[in-house]
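Results of the structural survey
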Amino acid sequence: MALTPEARFSARVRDGLKACGCDIERIENRVNLGVSDMLIGVGSLFVTVELKVVARGLQVKLRPHQIAFLTRHALKGRPAFVLVKCEVADEIRLYHGNQAVELSTEGLRLPPLFSWPSRGMAWEKLSEALSQ
């Protein structure tokens with residue numbers, strides 16, 4: 001069975017961040033809607049990350065429950081992020097959870113906190129960004 005683009009991206013993120021010393025837990029949750037895809041241990045922090053793949057166009061498809069989860073936790077100072085693989089631009093972009101509403105409406109027109117080329121991704125830079 002072929003992997004979905006999201007599953008391939010998840011495996012790539014997991015492998016890249018594990019090599020940087022992060023602890024990764026993939027969350028498959030059908031009960032609590034909106035909970036982010038990954039719980040990542042970066043140093044002494046736990047960080048939640050929602051993963052998205054945009055194959056064409058500019059729209060980042062965040063569901064209302066995902067927006068609510070990201071916004072609620074980000075507004076309370078908890079580290080919550082959206083990591084987007086933009087296949088057209090061949091980039092990986094990091095957005096903060098408090099940008100979830102804008103990201104849903106503006107899509108990839110919204111400037112990210114950080115972006116990196118997808119090829120040769122500098123996983124240590126992502127690890128540093130998640131721990132700030």
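Provided above is the structure to which this section pertains.
1. What about the packing of helix α1 (residues 5-18) against helix α4 (residues 123-130)?
For any two helices packed against each other, one specifies the crossing angle of their axes together with the interaxial distance. Running from amino to carboxyl end, α1 crosses α4 at an angle of 85 degrees, the nearest separation of the two axes being 9 Å. Taken together, the axes of α1 and α4 are roughly perpendicular relative to one another. Residues R12, V13, G16 and L17 of α1 form the contact with α4, whose participating residues are W123, L126, S127 and L130. Looking at the contact of α1 with α4, its residues break down into 5 nonpolar, 2 polar and 1 charged.

2. Comments concerning unusual backbone geometry
Note on backbone geometry: most residues besides glycine have negative phi, and most peptide bonds are trans. For D90, which is not glycine, the phi torsion reads 55 degrees and is therefore positive. Mapped onto the fold, D90 is located in the loop between β4 (80-86) and β5 (91-96).

3. A closer look at the side chain of Q66
One can find Q66 in helix α2 (residues 64-75). In terms of polar contacts, Q66 uses its side chain to reach the backbone amide nitrogen of R63, at 2.8 Å. Beyond its immediate stretch of four places on either side in the chain, Q66 contacts G34, E50, K52 and K61.

4. Things to note about the pattern of salt bridges
Under the criterion given, the structure shown has 6 salt bridges. Between K52 and E50 there is a salt bridge; the shortest N-O distance is 3.9 Å. Between E87 and K85 there is a salt bridge; the shortest N-O distance is 3.5 Å. For E87, a relative accessible area of 33% gives the class partly exposed.

Thresholds applied
The residue count restarts for each chain, going from 1 along the sequence in the order it is written. Residue-level local features of this predicted model are given only where pLDDT is at least 70; pairs of side-chain atoms are given and counted only at 80 or more, and the full residue set underlies all totals for whole chains, interfaces and linings. No hydrogens and no water enter the side-chain calculation; it runs on all heavy atoms of the structure. Interaxial angles span 0 to 180 degrees and are taken between N-to-C directions of axes, which are lines fitted to C-alpha atoms, for helices over the stretch in contact. Helix and strand labels come from DSSP, where a helix needs a run of H or I of at least four residues and a strand needs a run of E of at least two; each type is numbered from the N terminus. What sets the label is the angle itself: under 35 degrees gives roughly parallel, over 145 gives roughly antiparallel, 65 to 115 gives roughly perpendicular, and the rest give oblique. By the convention used here, residues are in contact when the closest approach between their heavy atoms is within 4.5 Å. Here the term charged refers only to Asp, Glu, Lys and Arg, the term nonpolar to Ala, Val, Leu, Ile, Met, Phe, Trp, Tyr, Cys and Pro, and the term polar to all other amino acids, Gly among them. In the analysis that follows, any N or O atom pair within 3.5 Å is treated as a polar contact, provided that within protein one partner can donate a hydrogen and the other can accept it, and provided that, for residues neighboring in sequence, both atoms belong to side chains. Whenever Lys or Arg places a side-chain nitrogen within 4 Å of a carboxyl oxygen from Asp or Glu, that contact is recorded as a salt bridge. To sort residues, take the accessible area from a 1.4 Å probe on protein chains only and compare it with the maximum for the residue type: under 20% means buried, over 50% means exposed, and anything in between is partly exposed.

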